[in-house]
Amino acid sequence: MNDRSGVPRDAASTAVADADAVARVWAAMCSLVLKQEDRRKEVAETLGMSFFRAKALRRLLPGPLTMRELTARLATEKPYTTLVVDDLERRGFVERSVHPDDRRCKIVTLTPAGVAAAEQAERILARPPRSLLDLAPEDLAVLDRIMAELRSPRG
């Protein structure tokens, strides 16, 4: 491989340069998504709850889940899921009911207020950052192509 001046580079220097570029790109992506416009903070402030509670509501949008399923989808521990669901139930965002086939299991379902809150969180999180909206059309097309490539599974 050659550098910009056409001078060949060895594999080791290419790997270091590529690693540095990957690190810079990843840091920029994280900054864009997590820091420049902190959507998680905006969700928490708008809904008046922790982002994790809003995440629980969002996980329930497709439909009711057992406590075990919700715990798995939140990637947390069962006692913490219970605390979160207790709080969301007190606030009127979810209801718990006994599973029809297994009385030991509880099913968590969004209330209409829970659906509205989860949908509001989704709208906030789906809103593109201003800097992305400001890109020139040709730059956006290049980024779109690159993102499609990054999302596609590698063979």
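What counts, and where the lines are drawn
Residues numbered from 1 in each chain as written. Predicted model: local features only at pLDDT ≥ 70, side-chain atom pairs only at ≥ 80, totals over all residues. Heavy atoms only, no water. Helix = DSSP H or I, 4+ residues; strand = E, 2+ residues; numbered from the N terminus. Expected span 1.5 Å × (residues − 1). Buried < 20%, exposed > 50% of the residue type's maximum accessible area, 1.4 Å probe, protein only. Arc of directions from axis to C-beta. Contact = heavy atoms within 4.5 Å. 1 Å grid on protein atoms, 1.4 Å probe; cavity = no way out; pocket = protein on both sides within 12 Å on 5 of 7 lines; lining within 4 Å. Points joined across faces, edges and corners; volume = space filled by probe spheres on them. Nonpolar A, V, L, I, M, F, W, Y, C, P; charged D, E, K, R; others polar. Salt bridge = Lys/Arg side-chain N within 4 Å of Asp/Glu carboxyl O.

Chemist: When you look at helix α5 (residues 78-90) in this model, what are you seeing that I'm missing?
Modeler: For an α-helix, 3.6 residues make a turn, and residues three or four places apart therefore share a direction. Counted at 1.5 Å a residue, the expected span for α5 with its 13 residues is 18 Å, and the 18 Å between its end C-alpha atoms agrees. Taken residue by residue, α5 has Thr81, Val84, Val85, Asp87 and Leu88 as its buried positions. Buried positions in α5, seen along its axis, are confined to an arc of 160° and lie on one side of it. Of the exposed residues in α5, those oriented more than 90 degrees away from the buried face are Pro79, Leu83 and Arg90. If you follow the buried residues of α5, they end up packed against α3 (51-60), α4 (67-74), β2 (94-98) and β3 (106-110). Taken from the residues just after α5, Gly92 is the one with a positive phi, measuring 85°.

Chemist: Whenever I open this one, the environment of Pro62 confuses me. Can you help?
Modeler: Here Pro62 shows up in the loop between α3 and β1 (65-66). With 53 residues separating them in the primary sequence, Pro62 and Val115 have C-alpha atoms 9.9 Å apart.

Chemist: Would you mind going over the layout of surface pockets with me for this structure?
Modeler: In this approach the atoms are scanned with a rolling probe the size of a water molecule, which exposes any empty space left behind. Its boundaries defined by the atoms lining it, the largest pocket holds a volume of some 580 Å³. What lines the largest pocket is a set of 20 residues, among which Met29, Leu32, Val33, Pro129 and Leu132 lie closest to the centre. Taken together, the elements giving at least two residues each to the lining of the largest pocket come down to α1 (11-36), α6 (112-126) and α8 (137-151). Top element by residues in the lining of the largest pocket is α1. It accounts for eight residues. For the lining of the largest pocket, the per-class residue count stands at 16 nonpolar, no polar and four charged. Looking at the second largest pocket, its volume works out to about 220 Å³. Along the walls of the second largest pocket sit Thr66, Met67, Arg68, Thr71, Lys78, Asp102, Arg104, Cys105 and Lys106, which together make up its complete lining. Of the residues forming the lining of the second largest pocket, the biggest block, three residues, is contributed by α4. Here the residues of the lining of the second largest pocket are counted per class, giving two nonpolar, two polar and five charged.

Chemist: Is there a simple way to think about the pattern of salt bridges in this case?
Modeler: Oppositely charged side chains can pair when the atoms bearing their charge come close. Enumeration over the complete set of coordinates arrives at 13 salt bridges. In this structure, the salt-bridge partner of Arg39 is Glu42, at a minimum N-O distance of 3.7 Å. Of this pair, Arg39 and Glu42 both sit in helix α2 (residues 39-47), three residues apart, which is roughly one turn of the helix. With a relative accessible area of 9%, Arg39 lands in the buried category. On the basis of relative accessible area, Glu42 is assigned to the partly exposed category, the value being 25%. For the salt bridge of Arg53 with Asp87, the shortest nitrogen-to-oxygen distance reads 2.8 Å. On the criterion of sequence distance, the pair formed by Arg53 in helix α3 and Asp87 in helix α5 is long-range, its members being 34 residues apart. Taken as a pair, Arg53 and Asp87 share a single burial class, namely buried.

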